Amino acid sequence: MRRQRLGVRGSATLLVAVLIIGLVGCGGGAPASSAGPPPPAGPVQNPTDKAPPSIAITAPATTGSYTATTSTISLGGMASDNVGVVTVTWRNNSTGANGTASGTTAWSVAGVSLAVGANVIVASARDAAGNVGTASLNVTFNPAGPASLSGGVDSSLVNRSGGNAVYLYSGSVVPDDRGGPGAQPLAVAPVTQDSGACTFSYRFDSLAAGTYTVAFTNQAAGDNPSVDDSISFVGTATLT
């Protein structure tokens, strides 16, 4: 009799263990703890902001044009936006120089270098939505003392079918074509064959005293001022 009771009791114990395992496996255990409330949502951007910032150049002039007697100037102005101006940048289209101004609402730039002759300086204000407003100032830098500049071109570089020219730039720069993103030429002079000789030359007149870069190309016929062309320059030199 004692052995039979032990056998039944052992079987009951096994059955209970199986039921407990089954309950736990089917999700019958303690409920999972809550993960808590979701994190707060970040700031909502305004995708409908299409209004560009307003920007004005107030120094060194407010009229849209200015004549400089020194090789550098300082810029200043104001900018505003319906949400807020993020940054103000500037670029001298005549030299390719550019940078970021100090300040946004009231902004300023010190030491903008000028090319001899015409300079087009553009200030741009950008808001958080990527909208951009611009203002421009035409600056003429023409120091006293007109002069001429002339020189020769090696005949081996000349294309006898045409398109030979020397480009003149202000300062020591890497030459670029008209309409390109780099330094813009102040003037372009044709290369012509000297009378009664097998030599070729160019000439620029009415130049202010200063430092210039000259660069020869025999692809000038393919230089479209309204686009960025792939023009190769050879024989580059810096002259004072």
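Further up the page is the structure itself.
Residues numbered from 1 in each chain as written. Predicted model: local features only at pLDDT ≥ 70, side-chain atom pairs only at ≥ 80, totals over all residues. Heavy atoms only, no water.

1. Quick word on the sheet that holds strand 12 (residues 192-193)
Thinking step 1. Taken together, the three strands give an open sheet; going across it, the order is 9-13-12, and neighbouring strands pair in antiparallel fashion. The two strands at the open ends of the sheet, each matched to only one other strand, are strand 9 (147-153) and strand 12.
Thinking step 2. Relative to strand 13 (residues 200-207), strand 12 is paired through two bridges, and the arrangement is antiparallel. Bridging across to strand 13, Gln193 finds its partner in Phe200. (Pairing = 2+ DSSP bridges. Helix = DSSP H or I, 4+ residues; strand = E, 2+ residues; numbered from the N terminus.)

2. Thoughts on the environment of Gly130
Thinking step 1. As for its position among the elements, Gly130 is in the loop between strand 7 (117-127) and strand 8 (132-141).
Thinking step 2. Judged by relative accessible area, Gly130 falls into the partly exposed class, the value being 36%.
Thinking step 3. The spatial distance from the C-alpha of Gly130 to the C-alpha of Lys50 is 8.7 Å, given a sequence separation of 80 residues. (Buried < 20%, exposed > 50% of the residue type's maximum accessible area, 1.4 Å probe, protein only.)

3. Observations concerning the pattern of salt bridges
Thinking step 1. Within this structure, the stated rule accounts for two salt bridges.
Thinking step 2. Residues Asp223 and Arg178 are paired through a salt bridge, measuring 3.4 Å at the closest nitrogen-oxygen approach. On the criterion of sequence distance, the pair formed by Asp223 in the loop between strand 14 (212-217) and strand 15 (234-239) and Arg178 in the loop between strand 10 (165-170) and strand 11 (187-190) is long-range, its members being 45 residues apart.
Thinking step 3. The exposure class assigned to Arg178 is partly exposed, which follows from its relative accessible area of 31%. (Salt bridge = Lys/Arg side-chain N within 4 Å of Asp/Glu carboxyl O.)

4. Remarks on the packing of aromatic side chains
Thinking step 1. According to the stated counting rule, one finds two aromatic pairs in the structure shown.
Thinking step 2. Summarising the aromatic geometry, the rings of Tyr167 and Phe233 are spaced 5.1 Å apart at their centres and angled 80° between planes, so their arrangement reads as edge-to-face. Separated by 66 residues along the polypeptide, Tyr167 in strand 10 and Phe233 in the loop between strand 14 and strand 15 bring together distant segments of the chain.
Thinking step 3. Using a relative accessible area of 0% as the deciding quantity, one classes Tyr167 as buried.
Thinking step 4. Classification of Phe233 as buried rests on a relative accessible area of 18%. (Phe/Tyr/Trp six-rings, centres within 6.5 Å; stacked < 30°, edge-to-face > 60°.)

5. What to know about the sheet that holds strand 1 (residues 54-59)
The strands making up a sheet are joined through hydrogen bonds of the backbone, oriented either antiparallel or parallel.
Thinking step 1. Taken together, three strands build an open sheet; the order of strands is 1-3-6 and the sheet is antiparallel. On the outer flanks of this sheet lie strand 1 and strand 6 (106-113), each paired with one strand and no other. Strand after strand, the sheet turns through a mean of 30° between neighbouring axes, direction not considered.
Thinking step 2. Looking at chain direction, strand 1 and strand 3 (residues 72-80) are connected through five bridges and run antiparallel. For Ala59, the partnering residue across the bridge sits in strand 3 and is Gly76. (Axes fitted to C-alpha atoms, helices over the stretch in contact; angles between N-to-C directions.)

Distances and angles like these do not, on their own, reveal function.
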